[in-house]
Amino acid sequence: MREAAAAGRAVVLLSAADAGIYAGAGWFKAVIDAARAAAPTPDYSAVLDCGGDAGAAQAALRAGIAAIVFTGRPDVAERLTAIAAATGARVLTARPAADLDLLAEFFSDAATLRRRCKAVFDIRA
């Protein structure tokens, strides 16, 4: 988030695939809050991938998650979209592609993570 702010770039924080099912909305909300605390000024949004689990999707919407991915049945997606619209949230029916996936660097030190982010944001070190 700090590198995005330094680059003046908007970012989308996208959870791991199906994270709404196995990690839950509370975990993702904590991640979003930590990102906001670390860098309160960058322009960003966050999307929790709930896979095809309608219960996880509903829990995310109840928790105040502003955008979710739901890949389940189209009729259920329509109902979730109506529920989301009432609170200003969005439902995506396909997972967006990631520009930067930090899974391989999960246990990396902060300097390595900064270098990877800078490379994506075209910031010279």
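Our subject is the structure listed above.
Residues numbered from 1 in each chain as written. Predicted model: local features only at pLDDT ≥ 70, side-chain atom pairs only at ≥ 80, totals over all residues. Heavy atoms only, no water.

Draft legend 1. The packing of aromatic side chains, seen in detail. Throughout the structure, instances matching the rule amount to 2 aromatic pairs. Ring geometry for Trp27 versus Phe28: centroids 5.8 Å apart, planes at 40 degrees, classification tilted. Between the aromatic rings of Phe106 and Phe107, the centroid separation amounts to 4.8 Å while the plane-to-plane angle is 90 degrees, which identifies the pairing as edge-to-face. (Phe/Tyr/Trp six-rings, centres within 6.5 Å; stacked < 30°, edge-to-face > 60°.)

Draft legend 2. The pairing of strand S2 (residues 44–49), seen in detail. Burial of S2 is extensive: 5 of the 6 residues sit out of reach of the surface. Inspection of the sheet shows strand S1 (residues 11–14) paired to S2 by 4 bridges, in the parallel sense. Each bridged residue has a counterpart across the sheet, and for Leu13 the counterpart in S2 is Ala46. The pairing of S2 with strand S3 (residues 67–69) spans 2 bridges and is parallel. Directly across from Asp49, in S3, lies its bridge partner Val69. The β-α-β motif built from S2, the intervening helix H4 (residues 54–62) and the parallel element S3 has right-handed crossover chirality. (Buried < 20%, exposed > 50% of the residue type's maximum accessible area, 1.4 Å probe, protein only. Helix = DSSP H or I, 4+ residues; strand = E, 2+ residues; numbered from the N terminus. Pairing = 2+ DSSP bridges. Right-handed = clockwise from strand over helix to strand, strands pointing away.)

Draft legend 3. Layout of the sheet that holds S3. Pairing is parallel in the open sheet, where 4 strands are placed in the order S1-S2-S3-S4. This sheet does not close on itself; its edge strands, each paired only once, are S1 and strand S4 (90–92). Ignoring strand direction, the axes of neighbouring strands in this sheet form an average angle of 25 degrees. Packing of helix H3 (residues 25–38) onto the sheet brings it into contact with S1 and S2, and relative to S2 it is tilted by some 165 degrees. (Axes fitted to C-alpha atoms, helices over the stretch in contact; angles between N-to-C directions. Contact = heavy atoms within 4.5 Å.)

Draft legend 4. Examining the pattern of salt bridges more closely. If you walk through the whole model with that rule in mind, you get 6 salt bridges. Across the pair Arg36 and Asp33 runs a salt bridge whose closest N-O atoms are separated by 3.7 Å. Residue Arg36 and its partner Asp33 are both found in helix H3; the two are separated by 3 residues, about one turn of the helix. Relative accessible area serves as the criterion here: at 43%, Arg36 is assigned to the partly exposed category. Taking the relative accessible area as the measure of exposure, Asp33 reaches 35% and is therefore partly exposed. (Salt bridge = Lys/Arg side-chain N within 4 Å of Asp/Glu carboxyl O.)

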